[in-house]
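# An overview of the molecular structure
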Amino acid sequence: MLPYSTPNHDFAFEQSVIGMAIVSLDGTMLKVNSALSDLLGYSQQELTAGAPQEESIRKLLHQVVQNARTAQDHQQSVTYFEYTYHHPSDREVYLSVHTRVEHDMEQCPQTYLVQFEDRTLLRHVMKQLELNEQKLHEEENSYLQLLEGLPLSVLITKKGIIHYVNPATLRLVNAAHPRDVLGISTDVIVDVSYHNELSKRRARYVESGEIGSVNYLIRCLDGQKKMVTGFTLVINYEGEKAAVNIFKDITEQRMEEDRVMQSEKLTTAGQLAAGIAHEIRNPLTSINGFVKLLRSAERSNELYFEIIESELKRIELIVNELLVLSKPQGVHVSGPIDVFAIMEQIITLMKVQAALKNIEIIPHYPMVPVFVQGEVNQLKQVFINLLKNAMEAMNQGGTITLDILHNAQEVQIIVQDEGVGMTQEQIQSLGQPFVTTKDTGTGLGMMITKNIIHNHGGTMNVESIPDHGTTFTIHLPAL
Ligand code: ADP
Ligand code: MG
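Within each chain, residues carry numbers counting from 1 in the order of the written sequence. Written order decides the labels, with chains lettered from A and ligands numbered from 1. Only residues with pLDDT of at least 70 get local features here, since the model is predicted, and only at 80 or more are side-chain atom pairs given and counted; chain-wide, interface and lining totals rely on the full set of residues. Values reported for side chains reflect all heavy atoms of the structure, with hydrogen atoms and water molecules removed beforehand.

What follows covers the site of ligand 1. Only heavy atoms are used to decide nearness, and a residue is near a molecule or strand if one of them lies within 4 Å of it. Lining the immediate environment of ligand 1, one finds 21 residues, of which Asp417, Thr436, Thr437, Lys438 and Met446 sit closest. In protein, a polar contact means a hydrogen-donor-capable atom and an acceptor-capable atom, both N or O and within 3.5 Å, with residues adjacent in sequence counting only if both atoms are side-chain atoms; elsewhere, any N or O pair within 3.5 Å suffices. Within the backbone of Met446, a nitrogen or oxygen atom sits 2.7 Å from an oxygen atom of ligand 1. What sets the accessible areas is the Shrake-Rupley method with a 1.4 Å probe; for residues, cover comes only from the shown protein chains. When isolated, ligand 1 has an accessible area of 530 Å², and the protein chains bury 93% of it. Both cavities and pockets are sets of points on a 1 Å grid over the protein atoms alone; in a cavity a 1.4 Å probe fits but cannot get out, in a pocket the set is open with protein on both sides within 12 Å along at least five of seven lines, and lining residues sit with an atom within 4 Å of a point. Molecules are considered to sit inside a cavity or pocket once more than half of their atoms lie within 2 Å of its grid points. In this structure the site holding ligand 1 corresponds to the largest pocket.

Shown next, in the form of structure tokens:
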């Protein structure tokens, strides 16, 4: 009598979805279920008909017996092995084989109850996972290699603490080893003068998700200061939000820019000096002459004094205009400035003079503040120069229309007159020092105007029709 031959057991055996067999101690299949017949690709009869002819089955059974005997030697009644079975349809079936030694009443080993589980799919999935993991790892490694070789400095931070630096960063901050910077706060490296700005930037990022590149000063480990430009990406790093900061040393570039700017200033100053000498020599020559005449004159001549006075006024005018130019070039005392408010002040200032010339100044803009970043007095100077020129171009009277337009990027200030206008040539030479069409002009106003607008990061357009009028449009970056 075989074990498990009760009807209930038979049912469980036959209906099991796991392939099962009862195998004799010498490796003959005594009984198999249909799941096993499906799994191995032979009918139940083929499998149980004495010693199977099929090589693959014989090998499998041999393995079952070997494995069970080893288990018995170790006093174990249950054992397990994995086996790659060659299916008659010419595919590999990956089996997980469990064997239990069945004993008779006298506790003598009698048969083996063997379960064959198909693990092919599972194994396939596992293999795929393993491969993916390997690939991920390789990718991670290649990213790392990329970062390590990058000439740009990369620094990964979590909550402001440095978690990774690439060699370029180490070189930049004059550190010998990553451990010199890992674990410290970026505040140690960013110069104190920029802490405020950078923390504001972080807050802005949290609010709007917007992040652009920014220039700031860093303090190297040996105290040296460097200017860098950089931007930040937020990523998931080791399961947490982290900031990848990518930046570049622009100290040299900055110094070069400063040098160029300085030499440009010197060139302008040189050009100016020649013109100034010329402009001031004429009034001085005439003053000189009149003073000589005065000395020789019997009694002082009222006309001489008038001429001297007017020449002195001219020198004063030129010197005054030049003073604006000689003030520090950069926008130094800069802050948010309400263009609308400045415009109102200047209209008040110029209205009387305009009325005397029969000119009406008409503001077209709504009464709302519009802000730009800049220096009040310099921007006032710009508007005064433009309005003065407009008025001087309108000897027949008329209207000057003012407009302020703005969007998110820029503010436009438009000054439109009905004056004599300019020829194409005049427009070309606009802004060159001492170029003027007026008897009492200095030809410095437009140069100063252009200079100030440039220092404020803005530009200026001119459109003009001779005998009809001129429109100046100033573009300034919006705040
Ligand atoms: P100035 O006013 O002392 O002549 P500017 O530099 O202010 O010097 O202007 C240079 C020249 O540009 C003026 O002499 C004039 O010929 C021309 N110009 C400037 N603004 C206008 C304008 N609104 N209409 C016509 N010509 C203008
Ligand atoms: Mg002028």
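So, about the packing of helix 11 (residues 339–356) against helix 12 (residues 376–392). Orientation of helix 11 relative to helix 12, taken along the N-to-C sense of each, is 40 degrees, at an axis distance of 10 Å. Relative to helix 12, the element helix 11 lies oblique. As helix 11 packs across helix 12, the resulting crossing turns out to be right-handed. Packed against helix 11, whose contacting residues are Val339, Ile342, Met343, Gln345, Ile346, Leu349, Met350, Gln353 and Ala354, the element helix 12 presents Val376, Leu379, Lys380, Phe383, Ile384, Leu387, Lys388 and Met391 at the interface. Tallied by class, residues from the contact of helix 11 with helix 12 come to 13 nonpolar, two polar and two charged. The angle between two axes is taken between their N-to-C directions and runs from 0 to 180 degrees, where each axis is a line fitted to C-alpha atoms and a helix contributes only its stretch in contact. Going along the chain from the N terminus, every DSSP run of H or I of four or more residues is numbered as a helix, and every run of E of two or more is numbered as a strand. Should an angle fall under 35 degrees it is taken as roughly parallel, and over 145 as roughly antiparallel, whereas 65 to 115 is taken as roughly perpendicular and any remaining angle as oblique. Left-handed describes a crossing whose near helix is turned anticlockwise from the far helix through less than a right angle; right-handed describes the clockwise counterpart. Pairs of residues are marked as contacts when any of their non-hydrogen atoms sit within 4.5 Å. Only Asp, Glu, Lys and Arg are considered charged in this grouping, and only Ala, Val, Leu, Ile, Met, Phe, Trp, Tyr, Cys and Pro are considered nonpolar; every other residue, Gly among them, is considered polar.

Attention now goes to the nonpolar core. Here, nonpolar core means buried Ala, Val, Leu, Ile, Met, Phe, Trp, Tyr and Cys residues that are tied together by side-chain atoms lying within 4.5 Å of each other. Per-residue accessibility, obtained with a 1.4 Å probe over protein chains only, is compared with the maximum for each type, and a residue is labelled buried under 20%, exposed over 50%, and partly exposed between these values. The biggest cluster of nonpolar side chains holds 43 residues, and the ones touching the most others in it are Phe383, Ile400, Leu402, Ile404, Ile413 and Ile474. When contributions to this core are tallied by element, the ones reaching two or more residues are helix 11, strand 12 (359–363), helix 12, strand 14 (398–406), strand 15 (410–416), helix 14 (445–455) and strand 17 (469–477). Residues contacting Leu402, with those up to four places away along its chain left out, are Met343, Ile347, Ile361, Ile362, Pro363, His364, Tyr365, Leu387, Ile414 and Val415. Membership of the second largest hydrophobic core comes to 25 residues, among which are Ala21, Leu47, Phe81 and Phe116.

One non-glycine residue, Asp90, lies in positive phi territory at about 70 degrees. Relative to the elements of secondary structure, Asp90 occurs in the loop between strand 3 (78–87) and strand 4 (91–103). Judged by its relative accessible area of 59%, Asp90 falls in the exposed class.

So, on to the sheet that holds strand 14. What links the strands of a sheet is backbone hydrogen bonding, and the strands pair in either a parallel or an antiparallel sense. Pairing is mixed across the open sheet formed by five strands, whose spatial order is 12-14-15-17-16. Edge strands, defined here as strands with exactly one partner in the open sheet, are strand 12 and strand 16 (459–465). Direction aside, neighbouring strands of the sheet carry axes that sit 15 degrees apart on average. Strands were regarded as paired on the criterion that DSSP finds at least two bridges between them. In terms of strand pairing, strand 16 meets strand 17 through seven bridges, oriented antiparallel. Paired with Val462 across the strands is Phe472, a residue of strand 17. Strands in contact with helix 12 are strand 12, strand 14, strand 15 and strand 17; relative to strand 17, the strand with the most contacts, it is inclined by about 170 degrees.

One open sheet accounts for five strands, arranged 2-1-5-4-3; its pairing is antiparallel. Single-partner strands in this sheet number two, and they are strand 2 (29–32) and strand 3. For this sheet the average axis-to-axis angle between neighbouring strands, irrespective of direction, equals 25 degrees. Bridge count for strand 1 (residues 19–24) against strand 5 (residues 109–118) is six bridges, and the pairing is antiparallel.

Turning our eyes to something else, we now look at the pattern of salt bridges. Each salt bridge in this description consists of a side-chain nitrogen of Lys or Arg and a carboxyl oxygen of Asp or Glu lying within 4 Å of one another. For the structure shown, the criterion picks out seven salt bridges. Residues Arg119 and Glu117 are paired through a salt bridge, measuring 3.7 Å at the closest nitrogen-oxygen approach. Asp191 is the partner of Lys225 in a salt bridge, and the nearest nitrogen-oxygen pair spans 3.0 Å. Here Lys225 is found in strand 9 (residues 225–237), whereas its partner Asp191 is found in the loop between helix 7 (186–189) and helix 8 (195–208), with 34 residues between them in sequence. In this structure Asp191 comes out as buried when scored by relative accessible area, which is 5%. A single network of salt bridges, built from pairs that share partners, joins Lys158, Lys159 and Glu240.

With that settled, the discussion passes to the side chain of Asn245. With respect to the secondary-structure elements, Asn245 resides in strand 10 (residues 240–249). The buried category is assigned to Asn245, whose relative accessible area is 14%. In this structure the side chain of Asn245 is engaged in a polar contact, spanning 3.4 Å, whose partner is the side chain of Thr157. Contact partners of Asn245, with chain neighbours within four places excluded, come to Ser153, Val154, Leu155, Thr157, Phe231 and Thr232.

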